[in-house]
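Spelled out, the chains give:
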Amino acid sequence: LVVIGPDVPEHDALSFASHIRITRPAVGVVLIREQINVAVLTRALQAGVREVVPVGALTALAQACERSREVSRSVTGEPAGEPGRHGQVITVFSAKGGCGKTTLAVNLATSLAAGGQHSVCLLDLDLAFGDVAISVQLEPTRTIVGGVPMVGRLDSTGASSLLTPYRPGLTTLLAPVSPGEAEKVPAALVAELLEVLPTMVDFVVVDTPSQFSEHVLNAMDASSHHVLLTTPDVPALKNLRLTLDMLDLLSYPTERRSIVLNRSDSKVGLTADDIERVVRAPIAAHVPSSREVPISVNKGTPITIANPAHPVSQAITRFARTTLLSHAEPVRNGTRAPSPVAAEQAKQGAFARLRKGRR
Ligand SMILES: Nc1ncnc2c1ncn2[C@@H]1O[C@H](COP(=O)(O)OP(=O)(O)OP(=O)(O)O)[C@@H](O)[C@H]1O
Ligand SMILES: [Mg+2]
C-alpha cells in the first residue's frame, strides 16, 4: 500500500500510480488531495489510484487503506483474519535432528491444503537453520523477523504482511535468513502468531528445531495436535521416549499426539513391534524411505506434489486425512470448555511449567 500525501504534485503522483499498476498490481495507491472534484477523480481513476481522500479526513483514510489492503489480499491470495474462525495448529517435532521434520511438515501442509480445499500456513520455527524456504524454492524476503516490532500488538494485517504465498491455499511464514537474526525473535512473538494465524487459515503446520526451546514450547501450547517423528534407530527412539515423558510431565493430552515412523522400511534390525514397545505408544503412520524424497527436495517440489501416487506421498496424505482432518475440531473455540489442565496450561505456559517442575 502506498499513500501519497497532498504535497506531491498531481502529475508525479499519477505517473507513479500508472507505473505501479503495471509493475506491481498487488500494490494499492491511495491519494490525499487538498481539493477533490470530478476532474481530479477522473484523472486518478484513469491512472489506477484506488481511492482519493481529502486532507485531514483520518477515518476516511483508514477506511480507504483497509479497503485497498482487502483488494491487495484478494490479488495476492493472502488470507485475511476472521474473528470467529479458529484453525488448528499442528506442531511437528522430533528431539533428534535429521529425522525428517521439515520433509513431513512441508508435505503435510501441501496435503492439508489439497490444492486449495483448505487454507494452510506453514510456519518455520527452526529459526536458526530453517529450510522450508529452500525446500520449496521461495525467496525469504519476508520472514518472521518482520514481526519483531509488532510484538504486543500483532493483528491479522501485520501477520499477513509476513507471509510468503506458495501455492493455492498454502502460504508460508519463513525463518530468518541468518542465525544472528534468529536471536532477535522473542518467544512471545510465536505465542502471538499462533493466536492470530488460526483466525486466518484452517491449519497452521509448525516445523521446529530439535530442541525444546521456549519458542517450541509456546507452539506446543498453542497446538491442537503434536506430530512426533522418529526413525527406526536407537538414538532417535531414545529421544522420542524422552520427548513423550516430557510431554506427559507437561500434562499434554495423549489423544492429541501422533507418532510417525519415518523411513519405516529401513532394514536396521528393529521391527514396528520393537519400536512400539520402546515408545509405549502406537505408531499412527509409517512413511517409507525413498531416494525420491531427497530428489524432490533438491528439485524444490514436495513429493506429495511431484508424485502424489508415490508410497511416501500416500502415507503422508493418508495420515493427514485420517488423523488430522478427521480430528479437525477446534480446541479453544469457546464451544468446548477447556479442561482444568488446559486452562492451567494456558495460564502458565509450558516453559514456566517446565521451570517449576525442575525446582
Ligand atoms: N522418508 C524418507 N526417505 C528418504 N529420505 C528422507 C526421508 N525423509 C527425510 N529424508 C531426507 O533426510 C534428510 C533430513 O530430512 P529433513 O530435513 O526433513 O529432517 P529434519 O528433521 O527437518 O532435519 P533438521 O533437524 O536438520 O531440521 C533430508 O535430506 C531428507 O531429504
Ligand atoms: Mg528441519
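About the criteria used
- Each chain has its residues counted from 1, following the order in which its sequence is written.
- Naming scheme: in the order in which they are written, chains are lettered from A and ligands are numbered from 1.
- Under the rules for a predicted model, residues below a pLDDT of 70 receive no local features and side-chain atom pairs below 80 are neither given nor counted, while totals for whole chains, interfaces and linings still include all residues.
- No hydrogens and no water enter the side-chain calculation; it runs on all heavy atoms of the structure.
- For the purposes of this entry, the term helix denotes a DSSP run of H or I that reaches at least four residues, the term strand denotes a run of E that reaches at least two, and both are numbered from the N terminus.
- Relative accessibility under 20% of the residue-type maximum defines a buried residue, over 50% an exposed one, and the middle range a partly exposed one, all with a 1.4 Å probe and only protein chains included.
- A pair of strands is considered paired only if DSSP assigns at least 2 bridges between the two.
- Axes here mean lines fitted to C-alpha atoms, for a helix over just the part in contact, with angles spanning 0 to 180 degrees between N-to-C directions.
- Should any heavy atoms of two residues lie within 4.5 Å, those residues are counted as being in contact.
- Helices are assigned an expected span. That span is 1.5 Å times one less than the residue count.
- Read the arc as the range of directions from the helix axis to the C-beta atoms.
- Confidence per residue, as judged by the predictor, is encoded in pLDDT with a range of 0 to 100.

S.K.: Honestly, unusual backbone geometry in this entry has me stumped. Any pointers?
M.R.: With glycine set apart, most residues show a phi of negative sign, and most peptide bonds adopt trans. Positive phi outside glycine occurs at Gln137, with the angle close to 55°. Along the polypeptide, Gln137 turns up in the loop between α5 (132-135) and α6 (156-160). Here Gln137 falls in the exposed class, since its relative accessible area comes to 57%. One non-glycine residue with positive phi stands out, namely Ser251, at about 65°. Turning to its location among the elements, Ser251 is positioned in the loop between α10 (234-249) and β10 (257-262). On the basis of relative accessibility, which here comes to 37%, the residue Ser251 falls in the partly exposed class.

S.K.: Would you explain the sheet that holds strand β1 (residues 2-4) in this entry?
M.R.: In spatial order, the strands read β1-β2-β3; together these 3 strands make up an open sheet with parallel pairing. Since the sheet does not close on itself, it has two edges, and those belong to β1 and β3 (51-54), each with one partner. Direction aside, the axes of adjacent strands within the sheet are offset by 25° on average. The pairing of strand β2 (residues 29-33) with β3 spans 4 bridges and is classified as parallel. Note on β3: the bridge partner recorded for Val30 is Glu51. The sheet strands contacting helix α1 (residues 10-23) are β1 and β2, and the helix crosses β2 at an angle near 170°.

S.K.: What am I meant to see in α1 here?
M.R.: Because an α-helix completes one turn every 3.6 residues, residues spaced three or four positions apart along the sequence face the same direction. Look at α1: 20 Å from first C-alpha to last across 14 residues, which is about the 20 Å you get at 1.5 Å a residue. Taken together, the buried positions of α1 are Ala13, Leu14, Ala17 and Ile20. Within α1, the buried residues cover an arc of 130° as seen down the axis, which keeps them to one side. The exposed set on the far side of α1, more than 90 degrees from its buried face, consists of His11 and Ile22. Looking at the buried residues of α1, the elements they touch are β1, β2 and α2 (38-47).

S.K.: Any chance you could explain the confidence of the model for the protein here in plain terms?
M.R.: Atomic detail in the predicted coordinates should be set aside for any region of low pLDDT. Across the protein, the average pLDDT comes to 88, with 89% of residues at or above 70. Contacts for the low-pLDDT stretch residues 330-344, under 50 throughout, to residues beyond four places or in other chains number 15 contacts.

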